[in-house]
Amino acid sequence: MRPSLPALALTGLAATTAAEAAELSLSVEIPQLQVTEYHRPYVAVWVERPDRSAAVNLAVWYETRSARGTTWLKDMREWWRRTGRELTMPADGLSSATRAPGRHVITVDPTQGDLARLPPGQYNLVVEAAREVGGRELVRVPFQWPPAAQTGSAQGTSELGAVTLDIKP
């Protein structure tokens, strides 16, 4: 027996409503450091699976004004080993310029791109920062997918400040 058109439409609606209604918002704080020679950090943001392999890249902030800026992307070692070396930069919708100290918000539409194809499960949002004449730091915020109302946070100690993930269905 073949289902009627309204039944097919409702089935499709139920399968996609949760992801389409969701909003993923990430706040990343870059602290103001009192050092002699300050350089803005390179920052990579990605989603990783429980085995720590990269699932989705969300953002890469680096020196975009010259081609030499890509030279130091490998200083974000975890990101570089997991996924960065496979990317051609600049990557549309992913890469942008470094950010000054302060709080920066990234809002992602989970119905678009690779995030929309993420299978259900437990993941980590990872933020890694590396700074010339400075340090390197990485923080992880665990979350569950598909999106449900949840908030998670982690606190950096040197190159990163507070990192907060807010998912709204």
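It should be noted that the structure appears before, not after, this text.
The shown structure was predicted, so the numbers you read here are calculated from the model rather than taken from an experiment.

Observations regarding the overall build of the chain
So, point 1. Within the chain, the regular secondary structure consists of 3 helices and 9 strands.
So, point 2. From first element to last, N terminus to C terminus, the chain shows the α and β order α-β-β-β-α-β-β-α-β-β-β-β.
So, point 3. Among the 169 residues that make up the chain, the fraction classed as buried is 40%.
So, point 4. Of the contacts formed within the chain by residues at least 6 apart in sequence, a portion of 63% connects residues at least 24 apart.
So, point 5. Carbon and sulfur atoms make up 52% of the accessible area of the chain, which totals about 9500 Å².

Some thoughts on unusual backbone geometry
So, point 1. Here Met89 and Pro90 are connected by a cis peptide whose omega angle stands at 0 degrees.
So, point 2. Between Trp145 and the following residue, Pro146, the backbone shows a cis peptide bond with an omega angle of 10 degrees.
So, point 3. Along the chain, the position of Pro146 falls in the loop between strand 7 (136-145) and strand 8 (150-155).
So, point 4. The backbone of Arg52 shows a phi angle near 70 degrees, a positive value even though the residue is not glycine.
So, point 5. A relative accessible area of 40% means that Arg52 is categorised as partly exposed.
So, point 6. A positive phi angle, close to 55 degrees, is found at Val133, a residue other than glycine.
So, point 7. With respect to the helices and strands, Val133 occurs in the loop between strand 6 (121-130) and strand 7.

Focus: the pattern of salt bridges
So, point 1. Throughout the structure, instances matching the rule amount to 9 salt bridges.
So, point 2. Where Glu48 meets Arg140, a salt bridge forms, and the shortest distance between an N and an O atom there is 2.5 Å. Separated by 92 residues along the polypeptide, Glu48 in strand 2 (residues 42-48) and Arg140 in strand 7 bring together distant segments of the chain.
So, point 3. Overall, Arg140 belongs to the partly exposed group, its relative accessible area being 22%.
So, point 4. Glu63 serves as the salt-bridge partner of Arg65, at 2.8 Å between the closest nitrogen and oxygen.
So, point 5. Via salt bridges that share partners, Glu48, Arg52, Glu78, Arg82 and Arg140 belong to a single interconnected network.

Quick notes on the pairing of strand 7
So, point 1. Burial of the side chains of strand 7 is restricted to one face: Glu137, Val139, Val141, Phe143 and Trp145 are buried, whereas none of Arg136, Leu138, Arg140, Pro142 and Gln144 on the reverse face is.
So, point 2. By the bridge criterion, 10 bridges tie strand 6 to strand 7 in an arrangement that is antiparallel. In the strand pairing of strand 7, Gly121 is matched with Trp145.
So, point 3. If you look at the hairpin formed by strand 6 and strand 7, you'll find 5 residues sitting between the two strands, and Val133 has a positive phi there, around 55 degrees.

A closer look at the packing of aromatic side chains
So, point 1. Inspection of every chain in the model, using the stated rule, returns 4 aromatic pairs.
So, point 2. Residues Trp79 and Trp80 carry aromatic rings whose centres are separated by 6.2 Å and whose planes lie at 55 degrees to one another, so their mutual orientation is tilted.
So, point 3. You can call Trp80 partly exposed: its relative accessible area is 25%.
So, point 4. Connected via pairs of aromatic rings, a cluster forms that spans Tyr123, Phe143 and Trp145.
So, point 5. In this arrangement the basic side chain of Arg99 is found over the ring face of Trp61, its NZ or CZ atom lying 4.2 Å from the centre.

So, how was this worked out
- Residues numbered from 1 in each chain as written.
- Predicted model: local features only at pLDDT ≥ 70, side-chain atom pairs only at ≥ 80, totals over all residues.
- Heavy atoms only, no water.
- Helix = DSSP H or I, 4+ residues; strand = E, 2+ residues; numbered from the N terminus.
- Buried < 20%, exposed > 50% of the residue type's maximum accessible area, 1.4 Å probe, protein only.
- Contact = heavy atoms within 4.5 Å.
- Areas by Shrake-Rupley, 256 points an atom, 1.4 Å probe, with all protein chains shown as cover.
- Salt bridge = Lys/Arg side-chain N within 4 Å of Asp/Glu carboxyl O.
- Pairing = 2+ DSSP bridges.
- Phe/Tyr/Trp six-rings, centres within 6.5 Å; stacked < 30°, edge-to-face > 60°.
- Lys NZ or Arg CZ within 6 Å of the ring centre and 35° of its normal.

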